[in-house]
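Each chain, letter by letter, is given below.
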Amino acid sequence: MHRSKTALNLLQRLDRLRTASSGSLITRQMQMVSTVQSAHSRLLWSGCSHQAPVRHFSTEKDTARVEEPTENEKKLTVEVEELRKEAAELTEKVKSLDDKYKRALAESENIRRRLTKQIDDAKLFGIQGFCKDLLEVADILGHATEAVPKDEISDKNPHLKNLFEGLSMTRQQLNSVFKRHGLETVNPMNEKFNPNLHEALFQQEVANVEPNTVVVVSKIGYKLHDRCIRPALVGVTKG
């Protein structure tokens, strides 16, 4: 009887221990669930706090106020349009001035070239008038030397011989001076007629000679640096 009471007491204690342990286990589980839920709530709140705030319009008046531009925005729009027009006008002015500048440079370069050519021509042909005056002197010397009979030039006539030699040397020296300054004779005997250098006085029939060939030179011509200052007076064959 005493053993049975002792066993009964032991069973009752075991039941109480089981009940207590199950209650504490349930409590712990509830605490864990509560902790997880609170952590999840904090995560959701922190994620929402980083997002941009969303503005909700409750009335149509608020929506119209946002859609319509303000006075400052209108002023800025007008100023931007004016600046664009001004920029376009300035761009056109820059293009026009650049074109005028290039044209002025080209014109100044052309003027410089013309002036340079005129200066060079003045250096080359500045003595043209002086040379024309000396051509008559050369013609007279030529006629004088050609008029002396060749058979009279001998030791029997020393005066005539000395005069002829003096005239010939003067003529040679004058031709040498002419050549030094670019003045050359034009004696187109048996050459093709050139209207830029020759002046035809007459035509004549000559057998076995091509037409427009110079067969007679009445007066020799002169050119200064390839510029004709006096054409040669010639006779040519008929065509």
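Residues numbered from 1 in each chain as written. Predicted model: local features only at pLDDT ≥ 70, side-chain atom pairs only at ≥ 80, totals over all residues. Heavy atoms only, no water.

Named according to an unreviewed UniProt entry, the protein is GrpE protein homolog originating from Anopheles arabiensis. Regarding the protein, the UniProt comment filed under Sequence similarities (unreviewed entry) reads as follows: "Belongs to the GrpE family." (UniProt positions renumbered as here; feature names shortened; annotations may be inferred.)

**Here we look at unusual backbone geometry**
Within the chain, Asn-190 stands out as a residue other than glycine whose phi angle is a positive 65°. One non-glycine residue, Asn-208, lies in positive phi territory at about 60°. Position of Asn-208 relative to the elements: it lies in the loop between β2 (198-204) and β3 (214-219). Overall, the relative accessible area of 84% leaves Asn-208 in the exposed class. (Helix = DSSP H or I, 4+ residues; strand = E, 2+ residues; numbered from the N terminus. Buried < 20%, exposed > 50% of the residue type's maximum accessible area, 1.4 Å probe, protein only.)

**Focus on the sheet that holds strand β4 (residues 221-224)**
With respect to topology, 3 strands assemble into an open sheet ordered β1-β4-β5, the strand pairing being antiparallel. Edge positions in the sheet fall to β1 (183-186) and β5 (227-230), since each has one partner strand and no second. If you compare each strand with its neighbour and ignore which way they point, the axes differ by 35° on average. Relative to β4, β1 runs antiparallel, the two being bridged by 4 bridges. Each residue of the ladder has a partner; that of Leu-183, found in β4, is Leu-224. (Pairing = 2+ DSSP bridges. Axes fitted to C-alpha atoms, helices over the stretch in contact; angles between N-to-C directions.)

**Regarding the sheet that holds β2**
Strand order in the open sheet formed by 3 strands is β2-β6-β3, and the pairing between neighbours is mixed. The open sheet has two edge strands, β2 and β3, and neither has a second partner. Put simply, the sheet's adjacent strands are angled 30° from each other on average, direction ignored. Judged from the 6 bridges that link them, β2 and strand β6 (residues 232-237) form a sheet pairing that is parallel. Bridging across to β6, Gln-203 finds its partner in Val-236.

**Some points on the packing of aromatic side chains**
In this structure the tally under the stated criterion is 1 aromatic pair. On the numbers, 6.1 Å between centres and 85° between planes, the contact of Phe-178 with Tyr-222 is edge-to-face. Of the two residues, Phe-178 is situated in helix α5 (residues 158-180) and Tyr-222 in strand β4; the sequence distance between them amounts to 44 residues. The same class applies to Phe-178 as to Tyr-222, namely buried. Residue placement shows Arg-227 over the ring face of Phe-125; its charged tip is 3.6 Å from the ring centre. (Phe/Tyr/Trp six-rings, centres within 6.5 Å; stacked < 30°, edge-to-face > 60°. Lys NZ or Arg CZ within 6 Å of the ring centre and 35° of its normal.)

**Considerations on the pairing of β6**
Within β6, 5 of the 6 residues are buried, leaving the element largely enclosed by the surrounding structure. Two elements, β3 and β6, share 4 bridges in a ladder whose sense is antiparallel. In the sheet register, Val-216 faces β6, and the bridge partner there is Gly-235.

**A few points about the side chain of Thr-145**
With respect to the secondary-structure elements, Thr-145 resides in helix α4 (residues 128-147). A polar side-chain atom of Thr-145 sits 2.9 Å from the main-chain carbonyl oxygen of Gly-142. Filtering out sequence-adjacent residues up to four positions away, Thr-145 remains in contact with Lys-150, Phe-164, Leu-167, Ser-168 and Arg-171. (Polar contact = N/O pair within 3.5 Å; in protein donor to acceptor, adjacent residues only side chain to side chain. Contact = heavy atoms within 4.5 Å.)

**Some details on the pattern of salt bridges**
Counted according to the given criterion, the structure contains 10 salt bridges. The closest approach of N and O atoms between Arg-230 and Asp-139, which form a salt bridge, is 2.6 Å. Here Arg-230 is found in strand β5, whereas its partner Asp-139 is found in helix α4, with 91 residues between them in sequence. The two residues Arg-230 and Asp-139 agree in class, both being buried. In this structure, Lys-192 and Glu-210 form a salt bridge, with 3.7 Å as the shortest nitrogen-oxygen distance. (Salt bridge = Lys/Arg side-chain N within 4 Å of Asp/Glu carboxyl O.)

**Overview of the nonpolar core**
Among the nonpolar cores identified, the biggest contains 11 residues, and these are Phe-125, Cys-131, Leu-135, Ala-138, Leu-141, Leu-174, Phe-178, Leu-183, Tyr-222, Leu-224 and Ile-229. Looking at this core, the elements that each hand over two or more residues are α4, α5 and β4. Among the elements that take part in this core, α4 stands out by supplying 4 residues, more than any other. Other than its neighbours up to four places away in sequence, Cys-131 contacts Leu-183 and Ile-229. (Core = buried A, V, L, I, M, F, W, Y, C linked by side-chain atoms within 4.5 Å.)

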